[in-house]
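One-letter residues, chain by chain:
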Amino acid sequence: MRFIEEYDLVKRGDKILIALSGGPDSIFLFHFLLKYSKKYGIEIGTMHVNHMIRGEEANNDEKFCRNLSLKFGIDYHTVKRNVPSFAKLNKISIEEAAREIRYKELLNVQKKFGYDKIATAHTCSDNAETVLLNLIKGAGIKGLAGIPIKRQSIIRPILSISKDEILAYLKKNKVNYLIDKSNLSNVHERNFIRNEILPQIARYLNPKVEQTLFKSSLVLKKQSTIIQAAIKILSEFVVVKKKDKIEINTKKLLMIDESIWGEIIKFSVDRNFSVQISFNDCSKIISLLSNQIGKSINISNSLKALRERNNILIFHNNVEEKRDLIELRIGNSIKVGEKIMKIEFVDKHLIKFSADKKIEFIDADKAVDKFILRSWKDGDSFYPLGLNGKKNVSDFLNDQKVSNFEKRKQLVLTNKKNIVWVIGYRIDDRYKITDKTRKVLKLCLK
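From a predicted model like this one, the values you see are computed outputs, not experimental measurements. (Residues numbered from 1 in each chain as written. Predicted model: local features only at pLDDT ≥ 70, side-chain atom pairs only at ≥ 80, totals over all residues. Heavy atoms only, no water.)

Re the overall build of the protein chain
Thinking step 1. Regarding its fold elements, the protein chain presents 16 helices and 22 strands.
Thinking step 2. Here the protein chain has a C-alpha radius of gyration of 30 Å; the compact-globule value for 446 residues is 22 Å, and the former is much larger.
Thinking step 3. With the C-alpha coordinates of the protein chain rotated into their principal frame, the extents come out at 100 × 50 × 40 Å.
Thinking step 4. Every one of the 446 residues in the protein chain was classed for burial, and the buried ones make up 44%.
Thinking step 5. Restricting to contacts in the protein chain with at least 6 residues of sequence separation, those with at least 24 account for 67%.
Thinking step 6. Total accessible area on the protein chain stands at roughly 24800 Å², and carbon and sulfur atoms take up 51% of it.
Thinking step 7. Separation of charge centres in the protein chain, based on 82 positive and 53 negative side chains, amounts to 1 Å. (Helix = DSSP H or I, 4+ residues; strand = E, 2+ residues; numbered from the N terminus. Rg over C-alpha atoms; globule rule 2.2 N^0.38 Å. Buried < 20%, exposed > 50% of the residue type's maximum accessible area, 1.4 Å probe, protein only. Contact = heavy atoms within 4.5 Å. Areas by Shrake-Rupley, 256 points an atom, 1.4 Å probe, with all protein chains shown as cover. Lys, Arg positive; Asp, Glu negative; His and termini not counted. Charge placed at Lys NZ, Arg CZ, Asp CG, Glu CD.)

This is the structure in structure tokens:
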């Protein structure tokens, strides 16, 4: 109660949705909020998500939660979601999939039925597991601060008490609850921490390890808040978001103390891509500062970092995927990303040249009907209009000061295996319009 009051988790008049699994923690949370609902002046409801992981056992869990809610006249909500299928489709772990679906469904019910808050049954023991897991994986101060006490409309009222305290209370008061047998298996990393590591620490090093870690995480939460505010300001100074990538300005980064580069990079990536990378990833990104321009590395969550002249770019791997050969006939059009590529005949006397690099005109007599649109490749060359002789596409793009990131996405239009147009920059001199030109083709990417 002191914990709830100190962190202002419950307000009079709140309508609170309880995430009810049927396990000891959520059953304790249910009975606690039910018992003190008049004291707090709150209304409660329950929500159970059937993850469809444990077959009939999962259906029994759902039935247990429904009967418990109806017994006390509490509004009950439930959904069935195929977590294994979702995990496989999105290439994530079962635990991650279950957590994502659970919060999504809780938020849906909250919005639909007008709940002010969602209460989850995370405990001091869960917090200890999270802190140790994050420590082992190399998380920063935010990760070591443990489970948030509240996040937007989600509150965790029993975060200050341990699993043992909860089990003792339930046993003393003869309250029934369910046991998820999957929690007994050490296949999952969190279960290994819970069943093996923490008991050993409690036995040989600190019998109150969970409470100690909780107190430490509370201190780190406050420090993290202060540090995150400072990191946010520095990140906005160093990093720029541009469509599907972020640019880390290396000159500005070098103006800041090296000891917090990792924090700035981690904050920037986590914030702009809605993912979490490790400090090992941050170290790999920082190592690019001493690498040559064009060097790239793969990091977590399908992201890639690329060294540019004055920047380090970070983007999703699929951004730089090479485009397959696409055939295009005169008079037709094709979709290229969010744009349309079109080739058509135009009257030579109605041509209006402009500075628009997405529109070009060529001599139709020098081309056949079949054009090919593709990504440029090493060894490609053409005769740039206005220049004497042949030039590699790579060198030409360098002369145009095209970044390595943009070079990877560059497209060319070919005809009879010759490059006709380095799209957006220059046509080939051999296809230019002359006094002898009879028919003209308009090339357009808009």
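Some remarks on the pattern of salt bridges
Thinking step 1. The final tally for this structure, using the stated rule, is 26 salt bridges.
Thinking step 2. R194 is paired through a salt bridge with E129; the nearest N and O atoms lie 2.9 Å apart. Of the two residues, R194 sits in helix 10 (residues 189-204) while E129 sits in helix 7 (residues 124-137), which places them 65 residues apart along the sequence.
Thinking step 3. Take E129: its relative accessible area is 3%, and that puts it in the buried class.
Thinking step 4. Note that E406 and K245 form a salt bridge whose closest N and O atoms lie 3.5 Å from each other. Here E406, found in helix 16 (residues 404-407), pairs with K245, found in strand 8 (residues 245-249); they are 161 residues apart in sequence, far enough to count as distant.
Thinking step 5. Overlapping salt bridges, with partners in common, bring together D244, K245, E406 and K409 in one network. (Salt bridge = Lys/Arg side-chain N within 4 Å of Asp/Glu carboxyl O.)

A word on helix 13 (residues 261-273)
Thinking step 1. For helix 13, built from 13 residues, the straight-helix expectation of 18 Å at 1.5 Å per residue is met to within 8% by its first-to-last C-alpha distance of 18 Å.
Thinking step 2. A large share of helix 13 lies buried, amounting to eleven of its 13 residues.
Thinking step 3. When helix 13 is considered as a whole, its buried residues turn out to be W261, G262, E263, I264, I265, K266, F267, S268, V269, D270 and F273. (Expected span 1.5 Å × (residues − 1).)

Section: the sheet that holds strand 15 (residues 359-363)
Thinking step 1. Ordered by their spatial adjacency, four strands build an open sheet running 13-14-22-15, and the pairing between neighbours is antiparallel. The open sheet has two edge strands with one neighbour each: strand 13 (333-336) and strand 15. When strand polarity is set aside, the average angle formed by the axes of neighbouring strands in this sheet is 20°. (Pairing = 2+ DSSP bridges. Axes fitted to C-alpha atoms, helices over the stretch in contact; angles between N-to-C directions.)

A look at the sheet that holds strand 9 (residues 296-299)
Thinking step 1. The five strands are arranged 7-8-11-10-9 in an open sheet whose pairing can be described as antiparallel. Whereas interior strands pair on both sides, the edge strands pair on one side only; in this sheet they are strand 7 (239-242) and strand 9. Neighbouring strand axes in the sheet, compared pairwise and without regard to direction, differ in orientation by 20° on average.
Thinking step 2. Helix-sheet contacts for helix 11 (residues 209-238) involve strand 7 and strand 8, and the interaxial angle to strand 7 is about 65°.
Thinking step 3. Contacts between helix 14 (residues 279-287) and the sheet are confined to strand 8, strand 9, strand 10 (303-307) and strand 11 (311-316), with strand 9 contributing the most and set at about 175° to the helix.

Some details on the packing of aromatic side chains
Thinking step 1. Tallied over the full model, the rule gives nine aromatic pairs.
Thinking step 2. Both rings, one in F3 and one in Y7, keep their centres 5.2 Å apart while their planes meet at 50°; by these two values the pair is tilted. In terms of burial, F3 and Y7 fall into one category: buried.
Thinking step 3. Here the aromatic rings of F3 and F214 are separated by 6.0 Å at their centres, their planes lie at 55°, and the arrangement is tilted. One end of the pair, F3, is in helix 1 (residues 2-6); the other, F214, is in helix 11, and 211 residues separate them in sequence.
Thinking step 4. With relative accessibility at 7%, the residue F214 sits in the buried group. (Phe/Tyr/Trp six-rings, centres within 6.5 Å; stacked < 30°, edge-to-face > 60°.)

Points about the packing of helix 7 against helix 11
Thinking step 1. It is the contact of helix 7 with helix 11, at a shortest axis distance of 9 Å, that shows an interaxial angle of 70°. Relative to helix 11, helix 7 is oriented roughly perpendicular. Here the hand of the crossing between helix 7 and helix 11 comes out left-handed. Taken together, the residues of helix 11 that come into contact with helix 7 (itself represented by C124, S125, N127, A128, V131 and L132) are E210, Q211, L213, F214, S217 and K221.
Thinking step 2. When grouped by side-chain class, the residues that make up the contact of helix 7 with helix 11 number six nonpolar, four polar and two charged. (Parallel < 35°, antiparallel > 145°, perpendicular 65-115°, else oblique. Left-handed = near helix turned anticlockwise from the far one by under 90°. Nonpolar A, V, L, I, M, F, W, Y, C, P; charged D, E, K, R; others polar.)

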